[in-house]
Amino acid sequence: MHFPTISLVFCLFFFQPFVYGQLDYKFYDTTCPNLTKIVRFGVWSAMANDTRIAASLLRLHFHDCISNTGGRFWSVALGRRDGLTANITAANTETPSPFESLDGIIAKFTSKGLDIKDVVALSGAHTIGFVQCFAFKFRLFNFSGSGSFDPSLDASLASNLQTQCPNQDDSDTTLVPLDPVTTTKFDNMYFRNLVNNSGILGSDQALMTDNRTSAMVINYSKYPFWFAKDFSDSMVKLSNVGVITGQNGQVRDKCNLVN
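Residues numbered from 1 in each chain as written. Predicted model: local features only at pLDDT ≥ 70, side-chain atom pairs only at ≥ 80, totals over all residues. Heavy atoms only, no water.

**Section: the UniProt feature "binding site: Ca(2+)" (unreviewed entry) in the chain**
The feature "binding site: Ca(2+)" (unreviewed entry), as annotated in UniProt, sits at Thr127, Asp179, Thr182 and Asp187 in this numbering. A maximum C-alpha distance of 10.0 Å among these annotated residues, which run over 61 residues, shows that they cluster at one spot. Looking at the element boundaries, Thr127 is found in the loop between α6 (116-123) and β1 (130-132). For Thr127, a relative accessible area of 0% puts it in the buried group. For Thr127, the residues in contact, after removing those within four places along its chain, are Asp179, Thr182, Thr183, Lys185, Phe186, Asp187, Met189 and Tyr190. By secondary structure assignment, the location of Asp179 is in the loop between β2 (175-177) and α8 (189-195). Sequence-distant contacts of Asp179, defined by excluding residues within four places in its chain, comprise His126, Thr127, Asp187, Met189, Tyr190 and Asn193. (UniProt positions renumbered as here; feature names shortened; annotations may be inferred. Helix = DSSP H or I, 4+ residues; strand = E, 2+ residues; numbered from the N terminus. Buried < 20%, exposed > 50% of the residue type's maximum accessible area, 1.4 Å probe, protein only. Contact = heavy atoms within 4.5 Å.)

Structure follows, in structure tokens:
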């Protein structure tokens, strides 16, 4: 995939507040009428070489912006620009962490104009992709000083995870699928896992134990098309966070370098 095309997919916004303007579904119809096809087939090609690329693209949506991804499809307005600077502190502090409480995650979403439904729907991206053991290993051994695993975690899953992620430092970077049932399929199995106390991350399982979110989890676990629609809507909503307007920003010739 050519670098300018990549820059159209990954334009920097670092999860900034909502600002609308200068975006259009037909932004490139004249200058690059085949843009969406180029991006779509580029992503498909990358996924053929590495199935994890789909999950990586979804995660980048929380750090950057997107114009298209593999798997589910939705239309978003085009014309976003790249920022001229990068802020690693903002990226690390404003993006939700698997170690923080649900209250903290909801607060980060709402500060950007998103709501609780967006929190639950977008968490469904964990139906694909992998996570390193260090992000959840604290749930497996001596959880909260109990001498055992997190009681909100299914016992059979806990045992399997303890085997994959033994209580030693050299297992910290071992990759484990977030959805061990249908690892590479974008579906609603993530929510079915939560209902069965099989969420890998504590921050995910918390969605099932909170009255504000549990009903949505159950609904998504029963009705996959409902999840698919809400996920698409929330992704479009997220793509409008932090739009650079006026004369600010640029479309980079190379995605990792300012022009």
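Now that the structure has been shown, the text picks up again.
**Describing the packing of helix α10 (residues 214-222) against helix α11 (residues 224-239)**
At their nearest, the axes of α10 and α11 sit 5 Å apart, and the two run at 115° to each other. For the pair formed by α10 and α11, the contact residues are Asn219, Tyr220 and Lys222 on the first element and Pro224, Trp226, Phe227 and Asp230 on the second. Each residue belonging to the contact of α10 with α11 can be placed in one class, and the counts come to four nonpolar, one polar and two charged. (Axes fitted to C-alpha atoms, helices over the stretch in contact; angles between N-to-C directions. Nonpolar A, V, L, I, M, F, W, Y, C, P; charged D, E, K, R; others polar.)

**A word on the nonpolar core**
Ranked by internal contacts, the top residues of the largest apolar core, which has 26 residues, are Phe191 and Leu207. Aside from chain neighbours lying at most four places away, what touches Leu207 is Leu102, Val119, Val120, Ser123, Tyr190, Leu194, Thr213, Ser214 and Val217. In terms of nonpolar packing, the next biggest core, distinct from the first, is built from 14 residues, Cys133, Leu153, Leu161 and Leu178 among them. (Core = buried A, V, L, I, M, F, W, Y, C linked by side-chain atoms within 4.5 Å.)

**Description of unusual backbone geometry**
A positive phi angle is found at Asn142, which is not glycine, with a value near 50°. Inspection of the secondary structure assignment puts Asn142 in the loop between β1 and α7 (155-164). On the accessibility criterion, Asn142 (45% relative accessible area) is partly exposed. One non-glycine residue with positive phi stands out, namely Ser144, at about 50°.

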